[in-house]
Amino acid sequence: MLTRANADETDRLGALAAAGTPAEPEYMQMFSARVLAETAYAAKWCAEAIELLQRNSGSTAIMESEPIQRAWRDARVITLHGALNLEALSENYGRLMAGSQPHKFEGITTLDRFAPVAPKAG
């Protein structure tokens, strides 16, 4: 449901940009922060579901050749990756919602791409 709504909004924003009326940078930054946080939540929920399957599959689920074991390892690694760090992404989204600038995480988020440009002095 989250992914579908974000895909629909991405299509709408793409159509606006193609028509020559792109969304405001502030909106794009907020939207990007929300998509990143929601993606991290979805990854966490998937990992939790796979962990439940693994725990309830008996002792064979820990065998390296077992598909559930592979899915569990993959899901676990995904949730550990910096680009899906739920705490950091949630904090950035919250900071934007509160009117503050997000933290800069070099190379992890794309929020700086959409940051509003400060007017040039002079």
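Every value quoted in this text rests on a predicted model; they were computed, and no experiment measured them. (Residues numbered from 1 in each chain as written. Predicted model: local features only at pLDDT ≥ 70, side-chain atom pairs only at ≥ 80, totals over all residues. Heavy atoms only, no water.)

**Things to note about the environment of Y27**
Relative to the helices and strands, Y27 resides in helix α2 (residues 25-55). Discounting chain neighbours no more than four positions away, the residues touching Y27 are E9, R12 and L13. Of the polar contacts made by the side chain of Y27, one reaches the side chain of E9; its length is 2.4 Å. (Helix = DSSP H or I, 4+ residues; strand = E, 2+ residues; numbered from the N terminus. Contact = heavy atoms within 4.5 Å. Polar contact = N/O pair within 3.5 Å; in protein donor to acceptor, adjacent residues only side chain to side chain.)

**Concerning the packing of α2 against helix α4 (residues 86-97)**
Interaxial distance between α2 and α4 falls to 9 Å at its minimum, and their mutual angle equals 150°. Comparing the axis directions of α2 and α4 gives the class roughly antiparallel. You can see that α2 and α4 cross each other, and the crossing is left-handed. Together, Q29, M30, A33, R34, L36, A37, A40, Y41 and K44 of α2 and L86, L89, S90, Y93, L96 and M97 of α4 make up the contact between the two elements. Grouping the amino acids of the contact of α2 with α4 by side-chain chemistry returns eleven nonpolar, two polar and two charged. (Axes fitted to C-alpha atoms, helices over the stretch in contact; angles between N-to-C directions. Parallel < 35°, antiparallel > 145°, perpendicular 65-115°, else oblique. Left-handed = near helix turned anticlockwise from the far one by under 90°. Nonpolar A, V, L, I, M, F, W, Y, C, P; charged D, E, K, R; others polar.)

**Overview of the confidence of the model for the protein**
Taken as a whole, the protein shows an average pLDDT of 83; of its residues, 84% reach a score of 70 or greater. Of all the helices and strands in the protein, helix α3 (residues 67-80) carries the lowest mean pLDDT, 86, while helix α1 (residues 2-18) carries the highest, 92. (pLDDT = per-residue confidence, 0-100.)

**What to know about α2**
If you check α2, its first and last C-alpha atoms are 45 Å apart, about what 31 residues at 1.5 Å a residue would give, namely 45 Å. Listed as buried for α2 are M28, Q29, F31, S32, A33, L36, A37, E38, A40, A43, A47 and Q54. The secondary structure elements touched by the buried residues of α2 are α1, α3 and α4. (Expected span 1.5 Å × (residues − 1). Buried < 20%, exposed > 50% of the residue type's maximum accessible area, 1.4 Å probe, protein only.)

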